[in-house]
Amino acid sequence: MKNRIIKVDYLARVEGEGGLTVKIKNDRVSEVQFNIFEPPRFFEAFLRGRNFTEAPDITARICGICPVAYQMSSTHAMEMICGAKVGGALRELRRLLYCGEWIESHVLHIYLLHAPDFLGYEDAIQMAKDYPDVVEQGLKLKKLGNDIMIKLGGREIHPINVRVGGFYKVPRKEELTPFLERLKWALDASIATVKWTAGLAFPEYERDYEFVSLRHPNEYPLCEGRVVSNKGIDIELADYLNTFEEEHVEHSTSLHAFVKGRGDYLAGPLARYNNNFDKLPEVAKQAARDVGLGEVCRNPFKSIIVRGVETIFACQEAIRIIEAYEQPDKPYVECVPKEGIGHGCSEAPRGLLYHRYKIDDKGLIKEARIIPPTSQNQKAIEADLHDYVSQNLHLTKEKLTWQCEQVVRNYDPCISCSCHFLDLKIERE
């Protein structure tokens, strides 16, 4: 048919409200718009005038799935201003809390949000009828991640135990030890997850991405490191805004980030994996090798496998931290405010999360800037859709619609924490 419109009124299994319009003219894709039309939430404005110690609690409310990422980015920025260094057991506990978030978020995406795409189900409830053991394993894994967040954060959604300088309260060794047996089971289950996801059918699609992530000299990145890319970026956090820029586009209420002078880039599991494969623990490397996943992977549909590999890492890292843990004498280091600017960047499950704050000598926030992963990935999503639709115009309306939705879900976009739907239209002229 020369003219056709493909419209998806409700795309579940993403967070938030958005729309997509693909225009095709003379059998060529002429325009792609990934529309986000939720009203702005003004968190940066909420922060202005508040005490610097309130940043972790306020920013945690931005997302119910990855609140730890917001807390870590904000606390690191404030600690930079104060000249405070959080190390030792407190730093390890932060990584453990982050591991809990990675486990619960990655597993939620793999089993409940993304796997139905590959298996042809509308949702995980339908999938569970035919794969009850698979879904049950996913739910059990996710609960472990949530329980780690509860233990360290006070609750799994919008944790309340994180503060600038550390924690309000730290656990005793005997409180963490019971997690070890569950984590050892989870490690085996995560290896099985990688094998299971690798057996799914993947569309043949690759793109020459610029992968942007943190990189740390000694570990797979969670909370600290330099911002790097596979195309030459290697900067301190303070240079972030000199390298990346955001712009407003008419079809979205969310800003679009890009590399100055270059364009779109990809953040998230695929970027971390490609930039930091050498920093993964051997058990995760071997799991990737066993399923034929090379050190470089440019197929965004295979991000479901990479999330499984990162879940292996999170389980192994949590085991390492708990086995070596000794309770610190104090749950936090003192942070005395002074006038200055601080930058914080951590790896949310969906990708790089950058914060910048300016505070005065009384500790009041004068400026706040937050660039979340989905803002950074929006241009890459549009580029993927343009390329993928261009290569697959021969597909039926139903098949092309399904796979356009799947292209978006490859990124696990966190548009907001509200109801979810995507309106997809393909217009032929």
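Residues numbered from 1 in each chain as written. Predicted model: local features only at pLDDT ≥ 70, side-chain atom pairs only at ≥ 80, totals over all residues. Heavy atoms only, no water.

Draft legend 1. Representation of the pattern of salt bridges in the model. Counting across every chain of the model gives 33 salt bridges. Glutamate 219 serves as the salt-bridge partner of arginine 91, at 2.4 Å between the closest nitrogen and oxygen. Remark: glutamate 219 occurs in the loop between strand E5 (212-215) and strand E6 (226-229) and arginine 91 occurs in helix H4 (residues 88-119); sequence separation between them is 128 residues. By relative accessible area, which is 18% here, arginine 91 ends up buried. (Salt bridge = Lys/Arg side-chain N within 4 Å of Asp/Glu carboxyl O. Helix = DSSP H or I, 4+ residues; strand = E, 2+ residues; numbered from the N terminus. Buried < 20%, exposed > 50% of the residue type's maximum accessible area, 1.4 Å probe, protein only.)

Draft legend 2. Geometry of the packing of helix H6 (residues 132-153) against helix H8 (residues 179-198). Where H6 contacts H8, the axes come no closer than 10 Å and their chain directions differ by 135 degrees. By the angle between their axes, H6 is oblique relative to H8. Handedness of the crossing formed by H6 with H8: left-handed. Within the contact between the two elements, H6 uses Val134, Gln137, Lys140, Leu141, Lys143, Leu144, Asp147, Ile148 and Lys151 and H8 uses Phe179, Arg182, Leu183, Trp185, Ala186, Ala189, Ser190, Thr193 and Trp196. Across the contact of H6 with H8, the residue classes break down as 10 nonpolar, 3 polar and 5 charged. (Axes fitted to C-alpha atoms, helices over the stretch in contact; angles between N-to-C directions. Parallel < 35°, antiparallel > 145°, perpendicular 65-115°, else oblique. Left-handed = near helix turned anticlockwise from the far one by under 90°. Contact = heavy atoms within 4.5 Å. Nonpolar A, V, L, I, M, F, W, Y, C, P; charged D, E, K, R; others polar.)

Draft legend 3. Expanded view of the side chain of glutamate 246. Along the chain, glutamate 246 turns up in strand E8 (residues 244-247). Taking relative accessible area as the criterion, glutamate 246 reaches 13% and is therefore assigned buried. Engagement of the side chain of glutamate 246 in a polar contact is seen with the side chain of arginine 369, the distance being 3.2 Å. With near-sequence residues (within four places) excluded, glutamate 246 lies in contact with Leu255, His256, Ala257, Phe258, Arg369, Ile371 and Ser375. (Polar contact = N/O pair within 3.5 Å; in protein donor to acceptor, adjacent residues only side chain to side chain.)

Draft legend 4. Looking closely at the environment of histidine 355. Relative to the helices and strands, histidine 355 is located in strand E11 (residues 351-359). Judged by relative accessible area, which is 0%, histidine 355 ranks as buried. When the C-alpha positions of histidine 355 and methionine 78 are compared, they lie 9.7 Å apart, and in sequence the two are 277 residues distant. A distance of 2.7 Å separates the side chain of histidine 355 from the side chain of tyrosine 357, its partner in a polar contact.

Draft legend 5. Expanded view of the packing of H4 against H6. Remark: H4 packs on H6, axes separated minimally by 8 Å, with the N-to-C direction vectors making an angle of 155 degrees. With respect to H6, the axis of H4 lies roughly antiparallel. Both H4 and H6 take part in a crossing whose hand is left-handed. Of the residues belonging to the contact of H4 with H6, the class tally is 15 nonpolar, 6 polar and 3 charged.

Draft legend 6. How the structure looks around the environment of histidine 386. Assignment of secondary structure puts histidine 386 in helix H13 (residues 373-391). For histidine 386, a relative accessible area of 30% puts it in the partly exposed group. Discounting residues that sit within four places of it in the chain, histidine 386 has contacts with Val29 and Val32. Here the side chain of histidine 386 touches valine 29 through a polar contact of 3.2 Å, landing on its backbone oxygen.

Draft legend 7. Inspection of the sheet that holds E5 at higher detail. Reading across from one edge, E5-E6-E7 is the order of the 3 strands in this open sheet, with antiparallel pairing throughout. If you trace the sheet from one side to the other, it starts and ends with E5 and strand E7 (234-235), each paired once. Taken together, the 2 bridges between E6 and E7 define a ladder with antiparallel strand orientation. Across the sheet, the residue bridging to valine 227 is isoleucine 235, located in E7. Here helix H10 (residues 269-276) sits on the sheet in contact with E5 and E6, set at roughly 50 degrees to E5. (Pairing = 2+ DSSP bridges.)

Draft legend 8. Expanded view of the confidence of the model for the protein chain. For the protein chain, per-residue confidence averages 89 on the pLDDT scale, and 90% of positions sit at 70 or higher. Confidence drops under a pLDDT of 50 for residues 5-14, and excluding neighbours within four residues, the segment shows 41 contacts in the predicted structure. Counted against residues more than four places away or in other chains, residues 416-424, with its pLDDT under 50, gives 45 contacts. (pLDDT = per-residue confidence, 0-100.)

Draft legend 9. Inspection of the packing of aromatic side chains at higher detail. The full count for this structure, using the stated rule, is 14 aromatic pairs. Ring plane angle 70 degrees and centroid distance 5.5 Å describe the contact between phenylalanine 43 and phenylalanine 46, whose orientation is recorded as edge-to-face. In this pair, phenylalanine 43 and phenylalanine 46 are both assigned in helix H1 (residues 43-47), 3 residues apart and thus about one turn of the helix distant. Overall, phenylalanine 43 belongs to the buried group, its relative accessible area being 15%. Exposure remark for phenylalanine 46: the relative accessible area of 45% places this residue in the partly exposed category. Ring pairing ties together the aromatic residues Tyr240, Phe244, Tyr265 and Tyr354, which thus form one cluster. Positioned above the aromatic ring of tryptophan 185, the side-chain terminus of lysine 140 is 4.2 Å from the ring centre. Above the ring of tyrosine 332, the side-chain terminus of arginine 163 is found at 3.6 Å from the ring centroid. (Phe/Tyr/Trp six-rings, centres within 6.5 Å; stacked < 30°, edge-to-face > 60°. Lys NZ or Arg CZ within 6 Å of the ring centre and 35° of its normal.)

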